[in-house]
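Observations on the three-dimensional arrangement
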Amino acid sequence: MSNTLQKEILKLKEEKNAIILAHNYQPKEVQEIADFLGDSLELCIKASEIDDKDLVIFCGVDFMAETAFILNPDKKIVIPTLEAECPMAHMLPEDVLLKAKEENPDAGVILYVNSIAEAKQHADTLCTSANAVKVAQSLPHDKILFGPDKNLGTHVADKIDKVIIPVPKDGHCYVHRLFHVEDVELKREQYPNAEIICHPECDIKVQKACDKVMSTGGMLKYIATSDKEEFVIGTEIDMITRINAEVPGKKLYPLLEGAICETMKLHTLEKIRDSLVNEAPQVTLPKDVADKSKKAVQHMLDVSK
Ligand code: 13P
Ligand code: SF4
């Protein structure tokens, strides 16, 4: 690590007894200074284990930092910029979920962790892309309201014998919507020896065209233990940065160069340094919302053990 700002951040981190958590989509310079890197589930689990730190710097998007707050309401959870929002999480407002619940009183409710806390408080449980199928199986209901990601919901419906009702009708991630079946076909021609892996936020037709469908953490573990050498990666571009840093000797190709989650890139080193100095901006939630949402978060963590 040669960057002066990176060194300054590491020094401040020690002085403040802080921990830096970062999602796999963070750019290289942020991945390098993180104490812990992971997918949404791994970050949730880590957030439930932070007992010895006074300050948490969360380099991810809003719903991830909110989940860390739900699990640690007495800790300072700081996000380097509050503008780092996940647009998909905001596609399911509280009133839309409440109306869907009213119309489907016999349905269980699973929300993707990529949702706002005001909606989470009305869910039976949460899921991430790593555990969605397991969580859906854990509910006794035959009918499940699932949101906001319609594609992850279709992925679950494809694997288990339950009725999945998407709420809203077309919740999606704008980054994973960029991938098309034609991109998969093109990469197959270009790299005939490569295995093609995509994220379940992709359209179901893209999922079916790929060889494997996994969360970002799942991709890292799978590639690290696979005998294969070449992979096409169908998710946000910096997932390749993470795998390259940790699994040497593999050839990784992006399914699409332009698959960039813009808000994930807002946490510059300058902003991270400032957030450590100022211990701000803090992520907080009203106590009743945090308390009610915690039940759903905890259910998911228990099912994932
Ligand atoms: P993962 O949990 O697989 O990292 O996915 C989070 C996300 O937002 C993907 O776009
Ligand atoms: Fe949200 Fe998509 Fe970015 Fe993931 S990649 S954080 S779902 S906008």
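Residues numbered from 1 in each chain as written. Chains lettered and ligands numbered in written order. Predicted model: local features only at pLDDT ≥ 70, side-chain atom pairs only at ≥ 80, totals over all residues. Heavy atoms only, no water.

- Per an unreviewed UniProt entry, the recorded name for the protein chain is Quinolinate synthase, and the organism is Methanobrevibacter gottschalkii DSM 11977.
- Per UniProt, the protein chain has the following entry under Pathway (unreviewed entry): "Cofactor biosynthesis; NAD(+) biosynthesis; quinolinate from iminoaspartate: step 1/1."
- Quoted verbatim from the Cofactor (unreviewed entry) field of the UniProt record, the comment on the protein chain reads "[4Fe-4S] cluster". (UniProt positions renumbered as here; feature names shortened; annotations may be inferred.)

**Details of the overall build of the protein chain**
- Of the regular secondary structure elements, the protein chain holds 14 helices and twelve strands.
- Relative to the 2.2 N^0.38 estimate, which gives 19 Å for 305 residues, the radius of gyration of the protein chain is 19 Å and therefore close to what a compact globule would have.
- By its C-alpha atoms, the protein chain is 55 × 50 × 30 Å across when sized along the principal axes.
- Here the protein chain holds 305 residues, and the buried ones make up 56% of them.
- Long-range contacts, defined here as pairs at least 24 residues apart, represent 62% of the contacts in the protein chain between residues at least 6 apart.
- Carbon and sulfur atoms provide 51% of the accessible area of the protein chain, an area that totals close to 13100 Å². (Helix = DSSP H or I, 4+ residues; strand = E, 2+ residues; numbered from the N terminus. Rg over C-alpha atoms; globule rule 2.2 N^0.38 Å. Buried < 20%, exposed > 50% of the residue type's maximum accessible area, 1.4 Å probe, protein only. Contact = heavy atoms within 4.5 Å. Areas by Shrake-Rupley, 256 points an atom, 1.4 Å probe, with all protein chains shown as cover.)

**Quick look at a negative patch on the surface**
- A contiguous patch of negative charge on the surface is contributed by Glu49, Asp51, Asp52 and Asp54.
- Inspection of the secondary structure puts glutamate 49 in the loop between helix H3 (40-47) and strand E3 (55-59).
- Given a relative accessible area of 48%, glutamate 49 falls into the partly exposed group. (Patch = residues over 30% accessible without salt bridge, like charges linked within 9 Å, V, L, I, M, F, W, Y side chains within 5 Å. Salt bridge = Lys/Arg side-chain N within 4 Å of Asp/Glu carboxyl O. Lys, Arg positive; Asp, Glu negative; His and termini not counted. Charge placed at Lys NZ, Arg CZ, Asp CG, Glu CD.)

**Points about the environment of glutamine 31**
- Structurally, the position occupied by glutamine 31 is in helix H2 (residues 28-31).
- Taking relative accessible area as the criterion, glutamine 31 reaches 8% and is therefore assigned buried.
- Linking glutamine 31 and cysteine 59, residues 28 residues apart in sequence, is a C-alpha distance of 9.2 Å.
- With residues up to four places along the chain from it excluded, the contact list for glutamine 31 reads Asn24, Gln26, Leu37, Asp238, Thr241 and Arg242.
- One polar contact links the side chain of glutamine 31 to the main-chain carbonyl oxygen of asparagine 24, over a distance of 3.2 Å. (Polar contact = N/O pair within 3.5 Å; in protein donor to acceptor, adjacent residues only side chain to side chain.)

**Points about the domain arrangement of the protein chain**
- Each assigned domain of the protein chain is listed with its residue range as follows: domain 1 (4-85 + 264-284), domain 2 (88-172) and domain 3 (176-260).
- Relative placement of domain 1 and domain 2: their C-alpha centres are 27 Å apart.
- Contact with domain 1, which involves ten residues of that partner, is made by eleven residues of domain 2.
- Across the domain 1/domain 2 interface, buried area totals approximately 740 Å², and carbon plus sulfur atoms make up 66% of it.
- When residues of domain 1 are sorted by the area they lose upon contact with domain 2, Leu41, Phe63 and Glu66 head the list and together hold 54% of the total.
- Between domain 1 and domain 2 we count zero salt bridges in total.
- Connecting domain 1 to domain 2 are two residue pairs in polar contact (both at pLDDT 80 or more). (Domains from an automatic or database assignment. Buried area = accessible area lost by both parts, 1.4 Å probe.)

**Considerations on the pairing of strand E11 (residues 230-234)**
- Taking burial as the measure, the five residues of E11 include five buried ones, the bulk of the element.
- Taking every second residue as pointing to the same face, both faces of E11 are buried, with Glu230, Val232 and Gly234 on one and Phe231 and Ile233 on the other.
- As judged from the four bridges shared by strand E9 (residues 195-198) and E11, these two strands associate in the parallel manner. Across the sheet, the residue bridging to isoleucine 197 is isoleucine 233, located in E11. (Pairing = 2+ DSSP bridges.)

**A few points about the pattern of salt bridges**
- Under the criterion given, the structure shown has 20 salt bridges.
- Its salt-bridge partner being arginine 273, residue glutamate 8 comes within 3.4 Å of it at the nearest N-O pair. Residue glutamate 8 is located in helix H1 (residues 4-15), and its partner arginine 273 is located in helix H13 (residues 269-278); the two are separated by 265 residues in the primary sequence.
- Connected via shared salt-bridge partners are Glu8, Arg273 and Asp274.

**Let's talk about the sheet that holds strand E1 (residues 18-23)**
- Spatial ordering of the open sheet is given by E2-E1-E3-E4, a layout of four strands whose pairing is parallel. On the outer flanks of this sheet lie strand E2 (36-38) and strand E4 (76-78), each paired with one strand and no other. Adjacent strand axes in the sheet meet at a mean angle of 20° when their direction is disregarded.
- Bridge count for E1 against E3 is five bridges, and the pairing is parallel. Of the residues in E3, the one forming a bridge with isoleucine 19 is valine 56. (Axes fitted to C-alpha atoms, helices over the stretch in contact; angles between N-to-C directions.)

**Some remarks on the packing of helix H4 (residues 62-71) against helix H14 (residues 287-304)**
- Packing of H4 against H14 leaves a shortest axis separation of 9 Å and a crossing angle of 95°. With respect to H14, the axis of H4 lies roughly perpendicular. Contact residues: H4 offers Thr67, Phe69, Ile70 and Leu71, while H14 offers Ala290, Ser293, Lys294, Val297, Gln298 and Leu301.
- Taken together, the residues that form the contact of H4 with H14 break down as six nonpolar, three polar and one charged. (Parallel < 35°, antiparallel > 145°, perpendicular 65-115°, else oblique. Nonpolar A, V, L, I, M, F, W, Y, C, P; charged D, E, K, R; others polar.)

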